[in-house]
Amino acid sequence: MRKYIASLASALCALSAPITASADDWNFVVAPYLLVPSITGDASLGRIDNAEVDVSGSDILNSLELGAMLQLEARHSSGYGAMVNYAFTDLGQDFSGPLGYTDVNTDIFQGILEGFGTYRVDYQGGSVDLYAGVRWWDIGIDLDAKTPLGSRSYSRDEGWVDPVIGTRWLPRINEQFRLVLQGDVGGFSAASKFTWCAQAGLLWDASASTSVALLYKALGVDYERGVSGTSSHFQYDTITQGPLLGLILRF
């Protein structure tokens, strides 16, 4: 993880190199938010291939052990800036097989750290943000199963970093409301085959320093490592999507 954070810091410093001015020229944003997603797709763990992933928002709320989401932004008056977003979810769930003969305990950790250099273009009636950087995935899966034939345990931790480019459009509807339309793509087989993110919704500017965001967000990834059918194989091909409610604080 340290090398990923160091690479992220170096990339953001390089992208913000043109910025040289006093602290009065900076604006900052802190935005904690809640996302209640559904997760669908396929995952492979060792010799367990193409296991279906289908977790609804209610399932996540019922099995949630720990979760947090936070976005930070810094923007200079020149238009250059940086954006960092981190979200993690720690899930634990028990379930039984046919007639109760199989007891299964699963623990799933999904952490996503995004770091982008940004550039804002303001125009009459709105603004456009261009961004580029990295999305780091941290996935951990532990599975313990008890059956009449004995116990089996599987565990895997995987992490990878994808390059990402994207844009965010913030057209103003009136003095209090703005639309949010954002999308990005990445991966390009540098780590994952492909990753993408799209979100759309509404911003209510309650005051000069506070806004409330109501969005719908979808995040997809197609990652695979190792040879199918062997113990080294790992695949994570999922889409996480759902409504997002955020509080945006500006300084």
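Everything below is about the structure shown above.
Participant: Could you clarify how one ought to interpret the overall build of the protein in this entry?
Facilitator: The secondary structure content of the protein amounts to two helices and 12 strands. Across the protein, helices and strands are ordered from the amino to the carboxyl terminus as α-β-β-β-α-β-β-β-β-β-β-β-β-β. Carbon and sulfur atoms form 61% of the exposed surface of the protein, whose accessible area is close to 13,300 Å².

Participant: How should I be thinking about the pairing of strand E12 (residues 234-250) in this particular structure?
Facilitator: Look at any regular strand and the pattern is simple: side chains alternate between the two faces of the sheet. Summarising the sheet, strand E1 (residues 26-35) and E12 pair through five bridges and their orientation is antiparallel. Looking at E12, one finds that Tyr33 is bridged to Gly246. Here strand E11 (residues 210-225) runs beside E12; their pairing, made up of 16 bridges, is antiparallel. Of the residues in E12, the one forming a bridge with Asp222 is Asp237.

Participant: Mind showing me how you'd approach the pairing of strand E10 (residues 194-205) here?
Facilitator: Sheet analysis places strand E9 (residues 177-186) next to E10, joined by 10 bridges and oriented antiparallel. Counterpart to Arg178 in the pairing with E10 is Leu203. One ladder, built from 12 bridges, connects E10 with E11; its direction is antiparallel. Residue pairing in the sheet places Thr195 in a bridge with Val221 of E11. Following E10, the chain reverses through four residues before pairing antiparallel with E11.

Participant: Could you clarify how one ought to interpret the side chain of Asp162 in this entry?
Facilitator: Among the structural elements, Asp162 can be located in strand E8 (residues 150-171). Despite being buried, Asp162 has no salt bridge partner; Arg135 is the closest side chain of opposite charge, sitting 6.3 Å away. Here the side chain of Asp162 touches Trp137 through a polar contact of 3.3 Å, side chain to side chain. Among the polar contacts made by the side chain of Asp162, one reaches the side chain of Trp160 at a distance of 3.3 Å.

Participant: So what exactly am I meant to see when it comes to the pattern of salt bridges here?
Facilitator: Going through the model one piece at a time under the given rule, you end up with 12 salt bridges. Salt-bridge contacts for Arg156 lead to Glu158; the nearest nitrogen and oxygen are separated by 3.6 Å. For Glu158, a relative accessible area of 7% gives the class buried. Look at the salt bridges and you will find they share partners, linking Glu73, Arg75, Arg120, Asp129 and Arg168 into a network.

Participant: Teacher, can you tell me more about unusual backbone geometry here?
Facilitator: Excluding glycine, residues mostly carry a negative phi; peptide bonds, for their part, are mostly trans. At Phe188, a residue that is not glycine, the phi angle is positive and equals roughly 50°. Considering the arrangement of structural elements, one finds Phe188 in the loop between E9 and E10. The class for Phe188 is partly exposed, based on a relative accessible area of 48%.

Participant: Can you walk me through the packing of aromatic side chains in this structure?
Facilitator: Aromatic ring pairs are described here by two measures, namely the spacing of the ring centres and the angle between the planes. By the definition in use, this model includes nine aromatic pairs. Ring geometry for Phe116 and Tyr131: centres 4.8 Å apart, planes at 50°, overall tilted. Placement of the pair is Phe116 in strand E6 (residues 103-123) and Tyr131 in strand E7 (residues 126-147), with a sequence separation of 15 residues. For the pair formed by Phe116 and Tyr131, the shared burial category is buried. By the ring-pair criterion, three or more aromatic residues cluster together here, those being Trp137, Trp160, Tyr223, Phe234 and Tyr236.

What counts and what doesn't
Residues numbered from 1 in each chain as written. Predicted model: local features only at pLDDT ≥ 70, side-chain atom pairs only at ≥ 80, totals over all residues. Heavy atoms only, no water. Helix = DSSP H or I, 4+ residues; strand = E, 2+ residues; numbered from the N terminus. Areas by Shrake-Rupley, 256 points an atom, 1.4 Å probe, with all protein chains shown as cover. Pairing = 2+ DSSP bridges. Buried < 20%, exposed > 50% of the residue type's maximum accessible area, 1.4 Å probe, protein only. Lys, Arg positive; Asp, Glu negative; His and termini not counted. Salt bridge = Lys/Arg side-chain N within 4 Å of Asp/Glu carboxyl O. Polar contact = N/O pair within 3.5 Å; in protein donor to acceptor, adjacent residues only side chain to side chain. Phe/Tyr/Trp six-rings, centres within 6.5 Å; stacked < 30°, edge-to-face > 60°.

Purely spatial values, then, with no claim about function.
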